[in-house]
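# Reading the structure
Residue strings, one per chain:
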Amino acid sequence: MSLPKVDDIHTNSELISEVFNQLLDSIIVDVASECHRITKLGLDRNLDEEEEELRLFAEARARSSDPSHSGESNSKYVVDMFGQTHPPIASEIFNCMNCGRSIMAGRFAPHLEKCMGKGRKARQKSTRAAQNQNSKGSTVSNRLSNGGSANAGHEYSNGTYEEA
Amino acid sequence: MKASIKRPPSPDAEIDRNREPTTVQATVNMKLIESEEKERLKELLREKLVECGWRDEMKSVCREIARKNGRKNVTVDELVDAITPKGRASVPDSVKADMLHRIRSIVGSTSL
């Protein structure tokens with residue numbers, strides 16, 4: 001049953017492919033049997049639910065982004081799990097603990113920087129005293145002494161303040 | 001139950017079912033199995049397929065089928081039939097090339 005040489009080479013490649021296919025088939029059967037087991041035991045129930053949730057969440061975002069204006073980012077208008085929507089700028093009002101004025105929560109950060117030290121007027125008043133106390137050159141005093149420059153940080157329209 | 005006792009144990013029968021039977025094929029197979037190279041190759045291939053995400057793809061296909069046809073009605077044969085063509089087609093070329101290369105070097109070193 002010996003084959004001629006030309007056929008040997010031909011068969012060699014086929015042999016090798018065949019070995020590979022057998023390995024692959026065996027692995028395929030393993031994967032299929034494992035998935036079958038998971039399905040029958042219901043172990044994939046959690047996975048299904050998670051995927052559903054993710055999909056619904058993505059759909060909710062997409063749906064809510066269409067009717068509203070496209071300027072703001074979507075996350076501000078999406079309904080949360082209690083069914084509430086929140087406006088992009090927090091509108092609760094309270095009293096500032098530094099100067100005692102009534103401030104809107106969404107504008108608290110820029111108020112604080114004026115109230116506590118970025119603005120020129122505030123700086124002259126109380127922060128000179130604070131600077132003398134913190135004479136070790138901490139970042140607080142650095143920030144306070146920046147009052148003169150206009151580029152200490154950027155102020156975004158939604159009320160958050162970010163240091164440059 | 002009785003049928004399972006009569007199932008042929010030798011690997012040759014599998015080859016007969018699939019393709020044209022060649023003694024060379026059977027010999028190669030036996031040599032591989034005896035030297036445990038086949039097991040090693042299989043484990044290596046399994047690792048590679050996990051790494052490249054092939055296994056996860058196949059598992060999600062299985063889940064889809066289970067979802068469509070209903071959990072209770074799924075059989076192993078159904079899944080195997082569904083996955084085999086997709087599985088064979090979606091093996092990354094690099095993985096396949098590497099495996100073929102390894103097999104060739106192993107088969108080449110065994111006397112035929």
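Counting starts from 1 at the beginning of each chain's written sequence and moves along it residue by residue. All chains are assigned letters beginning at A, and all ligands numbers beginning at 1, according to the order in which they are written. Under the rules for a predicted model, residues below a pLDDT of 70 receive no local features and side-chain atom pairs below 80 are neither given nor counted, while totals for whole chains, interfaces and linings still include all residues. Hydrogens and waters are ignored; side-chain quantities use all the structure's heavy atoms.

Heads up, the rule is: UniProt positions are given in the numbering used here, feature names are shortened, and annotations may be inferred rather than shown by experiment.
Chain B is annotated in an unreviewed UniProt entry as Transcription and mRNA export factor ENY2 from Erythranthe guttata. According to its UniProt record, chain B has this under Subcellular location (unreviewed entry): "Nucleus, Nucleoplasm". Of the comments in the UniProt record for chain B, the one headed Subunit (unreviewed entry) reads "Component of the nuclear pore complex (NPC)-associated TREX-2 complex (transcription and export complex 2). Component of the SAGA transcription coactivator-HAT complex. Within the SAGA complex, participates to a subcomplex of SAGA called the DUB module (deubiquitination module)."

Under an unreviewed UniProt entry, chain A has the name SAGA-associated factor 11 and belongs to Erythranthe guttata. Quoted verbatim from the Sequence similarities (unreviewed entry) field of UniProt, the annotation for chain A is "Belongs to the SGF11 family." The record held by UniProt for chain A lists under Subcellular location (unreviewed entry) the comment "Nucleus".

## Examining the overall build of chain A
This is how the line gets drawn: Secondary structure is summarised from DSSP: a helix means a run of H or I of at least four residues, a strand means a run of E of at least two, and numbering begins at the N terminus for each. Here the term buried applies to any residue with accessible area under 20% of the maximum for its type, exposed to any over 50%, and partly exposed to those in between, with areas from a 1.4 Å probe on protein chains only. Two residues qualify as a contact provided that any one of their heavy atoms is within 4.5 Å of a heavy atom in the partner residue.
Of regular secondary structure, chain A possesses five helices and four strands. Walking chain A from its N terminus toward its C terminus, one meets helices and strands in the order α-α-β-β-α-α-α-β-β. Every one of the 164 residues in chain A was classed for burial, and the buried ones make up 24%. In chain A, once contacts between residues fewer than 6 apart in sequence are set aside, the share between residues at least 24 apart is 20%.

## Description of the state of the cysteines
Note the threshold: Throughout, a disulfide means two cysteine sulfur atoms within 2.5 Å of one another.
A full pass over the atoms with the stated rule returns zero disulfides over all chains. No disulfide involves Cys-115 of chain A; its sulfur sits 4.0 Å from that of Cys-99 of chain A, the nearest cysteine.

## Remarks on the packing of aromatic side chains
All names here are of chain A. Which entries qualify depends on this criterion: The criterion for an aromatic pair is that two Phe, Tyr or Trp rings (for Trp, the six-membered ring) have centres within 6.5 Å, with stacked assigned to planes under 30 degrees apart, edge-to-face to planes over 60 apart and tilted to the rest.
Summed over all chains, the structure comprises one aromatic pair over all chains. Pairing Phe-94 with Phe-108 gives two aromatic rings, centres 4.9 Å apart and planes at 65°, and the pair type is edge-to-face. With Phe-94 in strand 1 (residues 93-95) and Phe-108 in helix 3 (residues 108-116), the pair connects residues that are 14 residues apart, well separated along the chain. Classification of Phe-94 as partly exposed rests on a relative accessible area of 27%.

## Re the pattern of salt bridges
All names here are of chain B. This is how it is decided: Here, a salt bridge means any side-chain nitrogen of Lys or Arg that lies within 4 Å of a carboxyl oxygen of Asp or Glu.
Scanning the entire structure with this criterion turns up nine salt bridges over all chains. With a closest N to O distance of 3.2 Å, Glu-37 and Arg-40 form a salt bridge. Of this pair, Glu-37 and Arg-40 both sit in helix 4 (residues 37-51), three residues apart, which is roughly one turn of the helix. With a shortest N-O distance of 2.5 Å, Lys-48 and Asp-98 are connected by a salt bridge. Residue Lys-48 is located in helix 4, and its partner Asp-98 is located in helix 7 (residues 93-109); the two are separated by 50 residues in the primary sequence. A relative accessible area of 23% places Asp-98 in the partly exposed class.

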